[in-house]
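Close look at the chain arrangement
Now for the letters of each chain:
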Amino acid sequence: MRTTFFTCLLITIACTATISYAQQKTMGTAPAMKTKKKLSDQQLLDLVQKQTFRYFWEGAEPVSGAARERFHADNIYPENDKNTVATGATGFGLMAILSGIDRGYVTKKEGFNRLNKILDFLAKADRFHGAWSHWIVGETGKVKPFGQKDNGGDLVESSFVAQALVCIKEYYKNGSLAEKQLAKKADGLWKGIDFNWYRNGQNVLYWHWSPEYQWEMNFPVKGYNECLIMYVMGAASPTHSIPAAAYHEGWARNGAIKTDIKVEGHPIHLDYQGAKGSVGPLFWAHYSYLGLNPKGLKDKYADYWENNVNQTLAIRDYCIANPKGFKGYGANNWGLTASYSVNGYAAHSIQEDLGVISPTAAISSIPYTPKESMQLIRHLYENLGDRVWGKYGFYDAFSETANWYPKRYLGIDQGPIVVMIENYRSALLWKLFMQNKDVQNGLKKLGFQYPEK
């Protein structure tokens, strides 16, 4: 059984598909996708980015245009949730669409219209003191309970959307009249989130609130984990701003967030929740940093670029050492993060290594480990081929030890692939987010240093 924290991660419960190992072994009935060898690194990286982008374009929930929680090529959905919209994945998808527009994967008009459609959906969807729920019914915009008491606002997922809305505002703010209106719409949506209310009267931010169960989920968010962006957006909000004390006393635990350890020989200076003396799953180095540029980002607790690089290298070196002897692990096949697993869903990490490789872990780390991530991409594409590659890019997870290759995707794992590849190639989303004046004010309020260009 995982620690309490891991069971409450923003996606762990959400993505827990109640399918047995025996059922998963029978997956994979979709037509095979043939891969082409001998592509240059640039060609291969562009192919992965473009193919994964399609998850958020043609694979989107059709009524809302927003990101599906999951897509199964076998069309088997044990929870009858094919058209469930995931708020966090939608935020990542909005950023992926900006990338697709900029890359020419879709026309400017097509991209603009899709963004408008999704923002209109978010505007009408159920909100709870400005925050969206973790899951939303795609056809109606109504909340879909994530759990019995988790049927209201999810501030972490909403912060991932807010991060994207800032990027949309910056992308379109100097455009045509229609584009300026879209920028204004995006700006208004994120500024409607009442971050300060989610303090529940304390100097910490709470993850959930329900109109029926109030604060009964009782999850004050303390670092370090994937939720840094929530505090940044809370401090940046000009309408519902949180005090700096919420960051330092709540998130940073009055300084207890700091540590000084080595994991696989790499120095780590942040205390990872639920992973004492080690590091958490690799999505902790991704979700908050899709817009928030960790390059040169420092405060009195850490150098965030250094920490993310070292977390990535530590997990890679652990996979190379492969203490449990899993088949396939090595320098060209590594990466542990939350994803589908051989028995439902797991937040794979050094502490919870089940022999499952999640492609998003290493691919989304490409800004931190470009050579090592390309090594994995090439191995998966050229050597494992259509066992792990499909219409929306690499499937969510696989295990060579278990001979387990489900043809299934999770939106929250596909999104960082597109966005972090784009940030590696052009820094597009990083530039958009970091140039926003509200974000800059929030970072300074919390005591961050970052390159000002």
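Everything numeric in this text was worked out from a predicted model, so none of it was measured.

Comments concerning helix 3 (residues 41–57)
With 17 residues, helix 3 should cover 24 Å at 1.5 Å per step; its first-to-last C-alpha distance of 24 Å lies within 8% of that length. What helix 3 keeps buried is the set Leu44, Leu45, Val48, Gln49, Gln51, Thr52, Phe53, Tyr55, Phe56 and Trp57.

Re the packing of aromatic side chains
This model, assessed by the stated rule, comprises 35 aromatic pairs. When the ring of Phe53 is compared with that of Trp57, the centres are 5.9 Å apart and the planes differ by 20°; the resulting orientation is stacked. Of the two residues, Phe53 and Trp57 both sit in helix 3, four residues apart, roughly one turn of that helix. The residue whose ring lies beneath Arg114 is Trp57, and the NZ or CZ to ring-centre distance is 4.1 Å. A cation over a ring is seen here: Lys144 above Trp135, with NZ or CZ 5.7 Å from the ring centre.

Things to note about the confidence of the model for the chain
Of all residues in the chain, 92% have pLDDT values of 70 or greater, and the mean over the chain is 93. pLDDT under 50 marks residues 1–33. Its contacts with residues more than four places away, or in other chains, come to 94 contacts.

Regarding the side chain of Asp271
Along the polypeptide, Asp271 turns up in the loop between strand 12 (266–270) and helix 10 (304–321). Overall, the relative accessible area of 8% leaves Asp271 in the buried class. Among the polar contacts listed, one links the side chain of Asp271 to the side chain of Lys276, at a separation of 3.3 Å.

Side note on the packing of helix 3 against helix 4 (residues 87–103)
Taken N-terminus to C-terminus, the directions of helix 3 and helix 4 make an angle of 125°; their axes are 9 Å apart at the nearest point. For the element pair helix 3 / helix 4, the angle class is oblique. Where helix 3 crosses over helix 4, the two elements pack in a sense that is left-handed. Of helix 4, the residues touching helix 3 (which contributes Asp46, Gln49, Phe53, Phe56 and Trp57) are Ala89, Gly93, Ala96, Ile97, Ser99, Gly100 and Arg103. Grouping the amino acids of the contact of helix 3 with helix 4 by side-chain chemistry returns six nonpolar, four polar and two charged.

Considering the pairing of strand 11 (residues 258–263)
Looking at chain direction, strand 11 and strand 12 are connected through four bridges and run antiparallel. Each bridged residue has a counterpart across the sheet, and for Val263 the counterpart in strand 12 is His266. Counting the residues between successive antiparallel strands, the hairpin from strand 11 to strand 12 contains two residues, one of them, Glu264, with a positive phi of roughly 50°.

Looking at the pattern of salt bridges
Evaluation of the coordinates by the stated rule reveals 19 salt bridges. Among the salt bridges present, the one from Lys191 reaches Asp438, with a minimum N-O distance of 3.2 Å. Taken together, the residues Lys191 in helix 7 (residues 177–191) and Asp438 in helix 15 (residues 437–446) connect sequence positions 247 residues apart. Overall, Lys191 belongs to the buried group, its relative accessible area being 18%. Across the salt bridge formed by Asp271 and Lys276, the nearest N and O atoms sit 3.3 Å from each other.

Cut-offs applied
- Residues numbered from 1 in each chain as written.
- Predicted model: local features only at pLDDT ≥ 70, side-chain atom pairs only at ≥ 80, totals over all residues.
- Heavy atoms only, no water.
- Helix = DSSP H or I, 4+ residues; strand = E, 2+ residues; numbered from the N terminus.
- Expected span 1.5 Å × (residues − 1).
- Buried < 20%, exposed > 50% of the residue type's maximum accessible area, 1.4 Å probe, protein only.
- Phe/Tyr/Trp six-rings, centres within 6.5 Å; stacked < 30°, edge-to-face > 60°.
- Lys NZ or Arg CZ within 6 Å of the ring centre and 35° of its normal.
- pLDDT = per-residue confidence, 0-100.
- Contact = heavy atoms within 4.5 Å.
- Polar contact = N/O pair within 3.5 Å; in protein donor to acceptor, adjacent residues only side chain to side chain.
- Axes fitted to C-alpha atoms, helices over the stretch in contact; angles between N-to-C directions.
- Parallel < 35°, antiparallel > 145°, perpendicular 65-115°, else oblique.
- Left-handed = near helix turned anticlockwise from the far one by under 90°.
- Nonpolar A, V, L, I, M, F, W, Y, C, P; charged D, E, K, R; others polar.
- Pairing = 2+ DSSP bridges.
- Salt bridge = Lys/Arg side-chain N within 4 Å of Asp/Glu carboxyl O.

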